[in-house]
Protein chains: 2
Amino acid sequence: YAACSQNVSAAQKVSTIDTSQFMAAPVTDLSDLEKNKEDMKAKMELLIMRIQSEFCKALEGEESSGTKFTVDRWRRHNPSEGGGITCVMQDGETFEKAGVNITVMSAPLSKQLQASMRARGKELPDDKQFTFFAAGISSVIHPRNPHVPTIHFNYRYFEMQDEDGNNKHWWFGGGTDLTPYFLEEDDVRHFHSVLKSSCDRHNPQYYPKYKKWCDDYFFIKFRGERRGVGGIFFDDLEAEKPEDIFGFVQDCAESVVPSYLPLVKKHRQDPVSEAERRWQLLRRGRYVEFNLVYDRGTKFGFATPNARIESILMSLPLHARWEYMHIPEPDSREAKLTEVLKNPKDWV
Amino acid sequence: YAACSQNVSAAQKVSTIDTSQFMAAPVTDLSDLEKNKEDMKAKMELLIMRIQSEFCKALEGEESSGTKFTVDRWRRHNPSEGGGITCVMQDGETFEKAGVNITVMSAPLSKQLQASMRARGKELPDDKQFTFFAAGISSVIHPRNPHVPTIHFNYRYFEMQDEDGNNKHWWFGGGTDLTPYFLEEDDVRHFHSVLKSSCDRHNPQYYPKYKKWCDDYFFIKFRGERRGVGGIFFDDLEAEKPEDIFGFVQDCAESVVPSYLPLVKKHRQDPVSEAERRWQLLRRGRYVEFNLVYDRGTKFGFATPNARIESILMSLPLHARWEYMHIPEPDSREAKLTEVLKNPKDWV
């Protein structure tokens, strides 16, 4: 009986983490999450599991076709290095391609990544071997209707330390940004307002700073234009304790659904002309250009040995188009969008 | 009368270069080409002008729709730095997108490019300012029918020297490679045989060496597969005198039409299923991945200040597609192609 009641008590302990709503079991064993639940690594994993599930379910709610996300729970080639959960919905009625991925991994830092981290200002002595931990959620949603914008968001927590447990670093990064095909100023204002509210609850300087960082980051240099109308972006966010920042990151991640879903609901059944569809595909070509040439997350993936490439490139659209010398007609809606991509505006 | 007869004689002199078949007037003034016609810069410009025209006309001959190349003759932002001639055919019956570009430019070498040239082994003292001259032809042809492969070729001549005319370097680079959607072994053998003949006329070691270089170069590392079934690729080709290599480069460039046109003629009217078209678009997605992430010419373009981006990215297909986790059925034709992309074969 003693043994039995111990089992029940262990089960009860585990059940203090409610995983019933997640898309799959967490990457880390539930018992380890339970044991370390005050540790930021566990807190971040549980946050991104919840956000993934809430976002996927909100999107599924917009599919009257009943299309659901497929859920792939995968591990790294070396299973002790962790893995991820990749949820993808393809060829839906509302969403042409939607990907929501979480990764939780812990692996040796390659020399190439170590050098690139150092170039970004991290103190990582060259004679030490580092391991890094990363837990992040990353998502890109490409709707079918050109009047519904594409959204991207990514929130991540990093830890790094040398073999001896010294030279510790940790930081958060993330952001949410919008890529419309046609400029609906009300929509863009709504989107930015929601992000601003999340920022303002933590620090009034966050929104202006991270809005500008976003405009600077999502820049296709060789086109002289941004990928979209921005949002917020930050990286290398540190403080006294990770807990001081976690609340902010959580607030940002929770603002994805209220910032985006109203735009989906509003436009997913808008009438669409062939010319509008073509323009959407051309803009998706630009999306591909940014993601393959500039995106830090994609490059990090390419540089990670044995990375799960399908989870990285799920961000690419189902269709894209490149026309030689496509220049929008002056004063057209296409030209108006392009103008804002070249000269970003303040929206709130 | 003396003045007049001088004029006539000058005109006669100019007419020794026949430009009547070119797609446009050469980038360099005809009088300068005439004056320096023994110089490799002029010889290379005239070669690529002729190759561009011969190739474009051969392709137009396969368009029963009558679709022709549009010809854009452009100059760099600073016109004294040269320019190019970009010929593009879009939405033809046989060719979905075909681009044949020549560039002839002479400009200061940016610090970024100087560093990357140095990394490739060029001796370019850091305290010197260099100018470079480049004349090259570059082409990518995306046919509509998935049974006709995509071809790419590029032949280029570089010169580099410091402000004082010292530290001179020159070299040739180039190659021709084939990207089929379905593996027709006879076609691939024909293609490689023509390239091998061109190589063998100059040096029996060229073909095996440049065939391997091609397989190594057109490698999408994160996919573990090559872009296509290869061909030849070489770079940094030097000798005692540029003339010692020019004949080889000319032979390679002249072999493009006989290596490729028979495949176009053979397959351009093959029946096509929807599944075949879809597979073609997926493979075009991989083409985009290679060109944006790895291609040296594209990166050189991105790193060149004020580069004409439309001439660089004319290589991208009109349509491309990305599906999450698309894996060909075992033993399917798609799987057979993929197998050869992972493990390149000898074809002749």
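In this text, all values refer to a predicted model and were calculated from it rather than measured experimentally. Per-chain numbering applies: the sequence of each chain, read as written, is numbered from 1 onward. All chains are assigned letters beginning at A, and all ligands numbers beginning at 1, according to the order in which they are written. Per-residue local features are limited, in this predicted model, to residues with pLDDT of at least 70; the limit for side-chain atom pairs, both in listing and counting, is 80 or more; totals at the level of whole chains, interfaces and linings are taken over all residues. The basis for the side-chain values is all heavy atoms of the structure; hydrogens and waters are excluded.

A.B. asks: What's the story with the side chain of Arg226 of chain A in this structure? I'm lost.
C.D. replies: Residues and elements named next belong to chain A. Helix and strand definitions here come from DSSP, where helices need a minimum of 4 consecutive H or I residues and strands a minimum of 2 consecutive E residues; each element is numbered from the N-terminal end. By the secondary structure assignment, Arg226 is in strand S8 (residues 225–226). Throughout, exposure labels follow a simple rule: accessible area from a 1.4 Å probe, protein chains only, divided by the maximum for the residue type, with under 20% read as buried, over 50% as exposed, and the rest as partly exposed. Neither His nor the chain termini are counted; the positive set is Lys and Arg, and the negative set is Asp and Glu. Any carboxyl oxygen of Asp or Glu that lies within 4 Å of a side-chain nitrogen of Lys or Arg is treated as forming a salt bridge with it. At 5.0 Å, Asp215 is the nearest oppositely charged side chain to Arg226, a buried residue that forms no salt bridge. Two N or O atoms count as a polar contact when they lie within 3.5 Å, although within protein this holds only if one can serve as hydrogen donor and the other as acceptor, and sequence-adjacent residues are included solely when both atoms are side-chain atoms. A distance of 3.0 Å separates a polar side-chain atom of Arg226 from the backbone oxygen of Asp215. Whether two residues are in contact is decided by their heavy atoms: any pair within 4.5 Å suffices. Beyond its immediate sequence surroundings of up to four residues, Arg226 is in contact with Asp215, Phe218, Phe219, Arg283, Leu341, Lys342, Asn343 and Pro344.

A.B. asks: Just checking my understanding: could you explain the packing of aromatic side chains for this structure?
C.D. replies: Each aromatic ring pair is described using two quantities: the centre-to-centre distance and the angle formed by the ring planes. Between rings of Phe, Tyr and Trp, where Trp is taken as its six-membered ring, a pair exists when centres lie within 6.5 Å; planes separated by under 30 degrees are stacked, by over 60 edge-to-face, and by other angles tilted. Across all of its chains, the model carries 52 aromatic pairs over all chains by this definition. The interplanar angle of 50° and the centroid separation of 4.5 Å between the aromatic rings of Tyr206 of chain B and Phe248 of chain B together place this pair among those described as tilted. Taken together, the residues span a long stretch of sequence, with Tyr206 of chain B in helix H6 (residues 206–217) and Phe248 of chain B in helix H7 (residues 243–254) at a distance of 42 residues. With respect to class, Tyr206 of chain B is no different from Phe248 of chain B; both count as buried. Pairing Tyr210 of chain B with Phe234 of chain B gives two aromatic rings, centres 5.2 Å apart and planes at 40°, and the pair type is tilted. Here Tyr210 of chain B is found in helix H6, whereas its partner Phe234 of chain B is found in strand S9 (residues 230–237), with 24 residues between them in sequence. Above the face of the Trp171 of chain A ring, Lys122 of chain A is positioned so that its terminal group lies 3.7 Å from the ring centre. Criterion for a charge above a ring: Lys NZ or Arg CZ within 6 Å of the ring centre, and within 35 degrees of the ring normal.

A.B. asks: When you look at the sheet that holds strand S4 (residues 130–143) of chain A in this model, what are you seeing that I'm missing?
C.D. replies: Two modes of strand pairing occur in sheets, parallel and antiparallel, and in both the strands are linked by backbone hydrogen bonds. Residue and element names in this part refer to chain A. Pairing is antiparallel across the open sheet formed by 7 strands, whose spatial order is S1-S2-S3-S4-S5-S6-S9. Of all the strands in the sheet, the pair left with one neighbour each is strand S1 (70–75) and strand S9 (230–237). Neighbour-to-neighbour, the strand axes of this sheet turn through a mean angle of 5°, independent of strand direction. Two strands pair under a simple rule: DSSP has to find at least two bridges between them. In the sheet, S1 pairs with strand S2 (residues 82–90) via 6 bridges, with the strands oriented antiparallel. Bridged to Asp72 within S2 is Thr86. Lines fitted to the C-alpha atoms define the axes, with helices restricted to the stretch that makes contact. Angles between their N-to-C directions range from 0 to 180 degrees.

A.B. asks: Is there a simple way to explain the pattern of salt bridges in this structure?
C.D. replies: Taken as a whole and judged by the stated rule, the model has 76 salt bridges over all chains. Among the salt bridges present, the one from Glu62 of chain B reaches Arg268 of chain B, with a minimum N-O distance of 3.4 Å. Residue Glu62 of chain B is located in the loop between helix H3 (40–60) and strand S1 (70–75), and its partner Arg268 of chain B is located in the loop between helix H8 (256–267) and helix H9 (274–293); the two are separated by 206 residues in the primary sequence. Taking relative accessible area as the criterion, Glu62 of chain B reaches 4% and is therefore assigned buried. Two residues, Arg223 of chain B and Glu289 of chain B, come together in a salt bridge whose shortest N-O distance is 2.6 Å. Of this pair, Arg223 of chain B sits in the loop between strand S7 (219–220) and strand S8 (225–226) while Glu289 of chain B sits in helix H9, and the two are 66 residues apart along the sequence. Take Arg223 of chain B: its relative accessible area is 12%, and that puts it in the buried class. You can call Glu289 of chain B buried: its relative accessible area is 0%. Within this structure, Arg120, Lys122, Arg156, Asp235, Asp236 and Arg296 of chain A form a network of salt bridges that share partners.

A.B. asks: Help me understand the pairing of S9 of chain B, please; the structure alone is not making it clear to me.
C.D. replies: Strand residues, when the strand is regular, have side chains that alternate between the two faces of the sheet. All names here are of chain B. Judged by how many residues are buried, S9 sits mostly within the fold: 7 of 8 residues are covered. In terms of strand pairing, strand S6 (residues 169–179) meets S9 through 6 bridges, oriented antiparallel. Within S9, the position partnered with Phe172 by the bridge is Leu237.

A.B. asks: Where do I start with the side chain of Asp251 of chain B in this structure?
C.D. replies: Residues and elements named next belong to chain B. When you line up the elements, Asp251 lands in helix H7. Taking relative accessible area as the criterion, Asp251 reaches 15% and is therefore assigned buried. With residues up to four places along the chain from it excluded, the contact list for Asp251 reads Ser198, Arg201 and His202.

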